[in-house]
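Listed below are the residues making up each chain.
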Amino acid sequence: MSLDRAIGLMCHDIWGTYFCEVLGGIQSAAGRSGYRVIAVKSSPRDVHRLKLARAPIDGWIALIDPTDIELFLDDGRPVVTLSARSRDGRCPYVLPDNHGGALAAVRHLIEHGHRRIVFAGNMAHEDIRQRFQAYRDALDERGIPFDPALVFELPNNERVSGRFAAQRLVGSGVPCTAMFMATDQGALGAIDALSEAGVRVPEDLALVGFDDIEAARYASPPLTTVRQRFDWIGRTAAQLLLDLLAGRDVPSAGHIAPTLLVVRRSCGCSPAPEQREAPASAEGAADPADTLARELVDLATFSSALDRSAPPADTWPGVTDVVLGLEAAAQGRPGPPPAALERAWREAAEQMPHIDLLLAMIDRLEQAGQAMLRGAGDAAAKRRVTGYIRRARHDMMEGRVAIEATRADYLNSLLDINLVVRETLLEHADNGGSKLSWLSAVQMSWGCLAVWEEPGDAGPRLRIVESSCPGMPIASPAADTRIAAAEFPRGDWLPAAVQVDGDHVIRLIPLRSQGEDRGVLAICAPVSSPLGLDHRDMDMWVAMLTATFERASLIESLIEQEKQTRAAYERERALADAVRRLGCPVIPLDKGVLLVPLVGAIDLERASHVLEVVLAELSRQEAEVLLMDITGVPFADMQVAASLRKTTRAALLLGAEVIVVGMRPQVAQEFTQLGIDLEGMTLYPTVASALSALRRRRQPITGPRAPRA
């Protein structure tokens, strides 16, 4: 297989039974033509914006969501839409026969005598709108008036919406006798909610779904539904795209996949065809063994919609051994080995999950055995046939129990896997541990985790965080490798499972949270992985992986904020020191002479600061004279006077003379009115006059002088 050729699939969900079956059909068609498949869990708009895998992908399939596929057509890449149609009709599309399938479902309910039938689904999807139109058409053709009150438009087609619809129905008093749910997921949710409310299906309310997902067969009661051939849809869409890539003419028209109504118990039908006595064989009639094999296969395929026209052994390979074993018991000759019979009944149990139909197969086998013994009074033969039937019933039950045990083991393993993933992603990742060590536990052969970087000249870029290929040494990219998003992932990074036998496909999962693109997880896993049974586990693991990026981003943000806060604190402290210095500047004027110009009001806090600074500088510089210039002090009060007195007394204790200059007439008058004593201070009108007096004396000032009048 070429490493350079791929077709892409865009879809909001890349797990679950529906998607995995569609993907299987796409993969089978692509593999035959030498293409690998890359599935991207995103909308066409985001895929185009992020430019993911643009280089290796030659054409695209858009599943369900066709918005903005014109962007790819404008780039010259062909597009096929699946379960949707483009707005401008420029590309071919594949749809299931939504109208025909839904018409058959509603007709079936009407044939049961129902006249008030609820329709519930999410009308945002074209599939659902077509099924709704079929619902209306079925009512019209039988002359049943359409009642808008019986239409429940749901926010989505998931199980939770089905619960919501059923709860709404119960709350309104159940004004209907039947419900057509537009999807099986919704129908299963409705069954759960109805059961909790005490409404019995089908006794109180008949229910039909659409899709025939695997869980529909295991529902209680088993769900009557419309089967889609998901693999056929995927294969058809892929073949249309391959024809476009090969230059063949493909009409931009719809390709409709057939659907089939599968009748089970939820609609009120019998769980199995009516049993009839086995006819006595007659000369010239069909071989009784072939007839029995066909009847057993008909029972096995009663609710699975398999091709009943095929030879019985094609549908159930073990049916031949089962019939031969019965004949051998009746005739007293050796039959197939026990292991072959056990395997045959395991096949039947896997194909037919309903225990009532499996028991019906045993009953039919028993009838055939009695017919073989008819007219023969051999007691030993009767014991052999009875023993064979008993053994068949045992093998059938063993097979059914084995299937349930396998499912239980898988569910239990999910618990262990969830613990491993949680420890890996939420506990050890911050310590430099691997974020992808859990891949091998969930059957993934390769994984690569990358984060977004600033776009370069070639567009968005990714930086590799980690890559892993459990048990297979390949040329995975090293950490910190940079690559354009359009080239991610490179073909030479991928394991042989993708490059050669086509058993695995690549899934790209953009990691996005809080409105930001965090990174991309690329994984390689089997198309039919057990994870396809329930996509919620993978969604949870991806959410946890995204959470590790959020946490790392948050920690980086907190560290950066701490740095910024620390820097702001340092600036604030430096500014405060500057303000403090400006609030009480100390200026050396001459040897042993310091000038302190005071400007502005002096409150208690500033007075304390002035005293602290002045004493520190007098001591440090061993000054003998302190000039305090109060020219800039706007008014005099007791606070100003107290500050001057404290500073003067402290300076005198350090042996310095205190000279006050700049006494304005207004300040002098206020001091006089307040009766403030300026003892210990020498007064001069200006700094210049004070300096002149000091120079004339040319002697150190050794003691205090009386203030000038």
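Residues numbered from 1 in each chain as written. Predicted model: local features only at pLDDT ≥ 70, side-chain atom pairs only at ≥ 80, totals over all residues. Heavy atoms only, no water.

### Here's the deal with the overall build of the protein chain
Defined as follows: Helix numbers and strand numbers start at the N terminus; a helix is a DSSP run of H or I with at least 4 residues, a strand a run of E with at least 2. For each residue, the accessible area found with a 1.4 Å probe, counting protein chains only, is set against the maximum for its type, and the residue is called buried under 20%, exposed over 50%, and partly exposed in between. Throughout, a contact is declared for two residues whenever any of their heavy atoms are within 4.5 Å.
Looking only at helices and strands, one finds 21 helices and 22 strands in the protein chain. Counting all 709 residues of the protein chain, 50% fall into the buried class. Considering only residue pairs separated by 6 or more positions, the protein chain has 69% of its internal contacts joining residues 24 or more positions apart.

### Some points on the pairing of strand S22 (residues 681–684)
What counts is decided by this rule: When DSSP locates at least two bridges between a pair of strands, those strands are taken to pair. Here is how to tell: hold the view so the strands point away, follow the path from the first strand over the helix to the second, and if it runs clockwise the crossover is right-handed.
The alternating pattern of S22 places Met681 and Leu683 and Thr682 and Tyr684 on opposite faces, both of which are buried. Where strand S21 (residues 657–661) meets S22, four bridges bridge the pair, whose relative direction is parallel. What sits directly across from Val661, in S22, is Tyr684. Crossover connection from S21 via helix H20 (residues 665–674) to parallel S22: handedness right-handed.

### Examining the pattern of salt bridges
As a reminder of what qualifies: Criterion for a salt bridge: a side-chain nitrogen of Lys or Arg within 4 Å of a carboxyl oxygen of Asp or Glu.
All chains considered together, the criterion is met by 26 salt bridges. When the shortest N-O distance is used, the salt bridge between Arg364 and Glu295 registers 2.4 Å. Of this pair, Arg364 sits in helix H14 (residues 355–373) while Glu295 sits in helix H10 (residues 288–300), placing them 69 residues apart in sequence. A relative accessible area of 8% means that Arg364 is categorised as buried. For the salt bridge of Arg512 with Asp517, the shortest nitrogen-to-oxygen distance reads 2.7 Å. Accessibility expressed as a relative area gives 43% for Arg512, which makes it partly exposed. Since its relative accessible area comes to 27%, Asp517 is described here as partly exposed. Beyond isolated ion pairs, a larger network of salt bridges with shared partners links Asp46, Arg49, Arg512 and Asp517.

### So, the packing of H10 against H14
For clarity, the cut-off: Where helices are involved, their axes are fitted lines through C-alpha atoms of the stretch in contact, as for all axes, and angles between N-to-C directions lie from 0 to 180°. Comment on the angle field: the value is read as roughly parallel under 35 degrees, roughly antiparallel over 145, roughly perpendicular from 65 to 115, and oblique elsewhere. In this scheme, a crossing is called left-handed if the near helix is turned counterclockwise away from the far one by less than a right angle; it is called right-handed if the turn is clockwise.
Two numbers describe how H10 lies on H14: the axes approach to 9 Å, and their chain directions differ by 165 degrees. Here H10 is positioned roughly antiparallel relative to H14, judged by the angle of their axes. Of the two possible hands of crossing, H10 and H14 adopt the one that is right-handed. Between H10 and H14, the contacting residues are Leu292, Glu295, Leu296, Leu299 and Ala300 on the first element and Leu357, Ala360, Met361, Arg364, Leu365 and Ala368 on the second.

### Considering the sheet that holds strand S18 (residues 587–590)
Overall, mixed pairing links the five strands, which are arranged S18-S19-S20-S21-S22 in an open sheet. Across the chains shown, the open sheet's two edge strands, defined by having one partner strand only, are S18 and S22. Across the sheet, the mean angle from the axis of one strand to that of its neighbour is 30 degrees, orientation sign disregarded. Here six bridges tie strand S19 (residues 593–599) to strand S20 (residues 625–632), and the two strands are oriented parallel to one another. Looking at S20, one finds that Val599 is bridged to Gly632. This element, helix H19 (residues 638–653), spans S20, S21 and S22 of the sheet and lies at about 165 degrees to S20. Contacting S18, S19, S20, S21 and S22, helix H21 (residues 687–697) crosses the sheet at an angle of about 145 degrees to S21.

### Things to note about the side chain of Glu617
To be explicit about the condition: As used in this structure description, the phrase polar contact means that two N or O atoms lie within 3.5 Å; if the pair is within protein, one of them must be able to donate a hydrogen and the other to accept it, and residues adjacent in sequence are counted only when both atoms belong to side chains.
Structurally, Glu617 can be placed in helix H18 (residues 604–621). Residue Glu617 is classed as buried on the basis of its relative accessible area of 18%. There is a polar contact of 2.7 Å between the side chain of Glu617 and the side chain of Arg620. Contacts of Glu617, omitting those with residues within four sequence positions, involve Val586, Leu594 and Glu622.

### Some details on the nonpolar core
Note the following rule: By nonpolar core we mean a set of buried residues, namely Ala, Val, Leu, Ile, Met, Phe, Trp, Tyr and Cys, connected to one another through side-chain atoms within 4.5 Å.
In terms of nonpolar packing, the biggest core is built from 96 residues, with Phe119, Tyr135, Phe180, Met181, Leu207, Leu521 and Met538 touching the most fellow members. If one sorts the elements of this core by residue count, helix H9 (residues 230–245) sits on top with seven residues. If you look at the next biggest cluster of nonpolar residues, it comprises 35 residues, including Val319, Ala330, Ala381 and Met396.

### A look at the sheet that holds strand S7 (residues 151–153)
An order of S7-S6-S8-S9 is seen for the four strands of this open sheet, with the pairing classed as parallel. A single partner strand is all that each edge strand has here, and the edge strands are S7 and strand S9 (206–208). Neighbour to neighbour, the strand axes of the sheet diverge by 15 degrees on average, direction disregarded. By the bridge criterion, four bridges tie strand S6 (residues 117–121) to strand S8 (residues 178–181) in an arrangement that is parallel. The partner of Ala120 across the bridge, within S8, is Met181. Taken strand by strand, helix H4 (residues 98–111) contacts S6, S8 and S9, and its axis lies near 170 degrees from that of S8. Of the strands in this sheet, S8 and S9 touch helix H7 (residues 184–196), which is tilted by about 145 degrees from S8.

### Observations concerning unusual backbone geometry
Residue Ser220 is joined to Pro221 through a cis peptide bond whose omega torsion reads 5 degrees. Inspection of the secondary structure assignment puts Pro221 in the loop between helix H8 (214–218) and strand S10 (225–228). Here the bond from Phe488 into Pro489 is cis, since omega is 0 degrees, no more than 30 degrees from zero. As for its placement among the helices and strands, Pro489 is situated in the loop between strand S15 (482–484) and helix H16 (496–499). A positive phi angle, close to 60 degrees, is found at Ser83, a residue other than glycine. Tracing the sequence through the fold places Ser83 in the loop between strand S4 (79–82) and strand S5 (93–96). Take Ser83: its relative accessible area is 4%, and that puts it in the buried class. Here Asp480, not a glycine, exhibits a phi torsion of approximately 75 degrees, which is positive. Its place among the elements puts Asp480 in the loop between strand S14 (459–468) and S15.

### Brief notes about the packing of helix H1 (residues 16–32) against H9
Using the following cut-off: Amino acids are sorted into nonpolar (Ala, Val, Leu, Ile, Met, Phe, Trp, Tyr, Cys and Pro), charged (Asp, Glu, Lys and Arg) and polar (every other residue, Gly among them).
Between H1 and H9, whose axes approach to 7 Å, the crossing angle comes to 40 degrees. In terms of their interaxial angle, H1 and H9 are classed as oblique. Along this stretch, H1 crosses H9, giving a crossing that reads as right-handed. Within the contact between the two elements, H1 uses Tyr18, Glu21, Val22, Gly25, Ile26, Ser28, Ala29, Ala30 and Arg32 and H9 uses Phe230, Asp231, Gly234, Arg235, Ala238, Gln239 and Leu242. Here the residues of the contact of H1 with H9 are counted per class, giving eight nonpolar, four polar and four charged.

### Notes on the confidence of the model for the protein chain
How we decide: By definition, pLDDT measures how confident the predictor is in each residue, and it falls between 0 and 100.
In this model, the protein chain carries an average pLDDT of 81, and 84% of its residues clear a pLDDT of 70 or more. Confidence over residues 274–285 falls short of pLDDT 50; this stretch has 13 contacts with residues more than four positions distant or in other chains.

### Some words on the environment of Val322
Its place among the elements puts Val322 in helix H12 (residues 319–331). Judged by relative accessible area, which is 0%, Val322 ranks as buried. Each C-alpha atom, one on Val322 and one on Leu296, is 9.7 Å from the other, the two residues being 26 residues apart in sequence. Not counting residues within four places of it along the chain, the set of residues in contact with Val322 comprises Leu296, Trp316, Leu341, Ala344, Trp345, Leu365 and Tyr388.

### Topic: the packing of aromatic side chains
Convention followed: Ring geometry is summarised as follows: Phe, Tyr and Trp rings, the Trp one being its six-membered ring, pair when their centres sit within 6.5 Å, and such pairs are stacked at plane angles under 30 degrees, edge-to-face over 60 and tilted between the two.
On inspection of all chains with the given rule, the structure shows eight aromatic pairs. With a centroid separation of 5.2 Å and an interplanar angle of 55 degrees, the aromatic rings of Phe119 and Phe132 are classed as tilted. Of this pair, Phe119 sits in strand S6 while Phe132 sits in helix H5 (residues 126–141), placing them 13 residues apart in sequence. For the pair Phe119 and Phe132, a shared accessibility class is recorded, and that class is buried. Residues Phe132 and Tyr135 carry aromatic rings whose centres are separated by 6.0 Å and whose planes lie at 25 degrees to one another, so their mutual orientation is stacked. Of this pair, Phe132 and Tyr135 both sit in helix H5, three residues apart, roughly one helical turn. Across the pair, exposure class does not vary: Phe132 and Tyr135 are buried alike. Counting every residue linked through ring pairs, the aromatic cluster contains Phe119, Phe132, Tyr135, Phe146 and Phe180.

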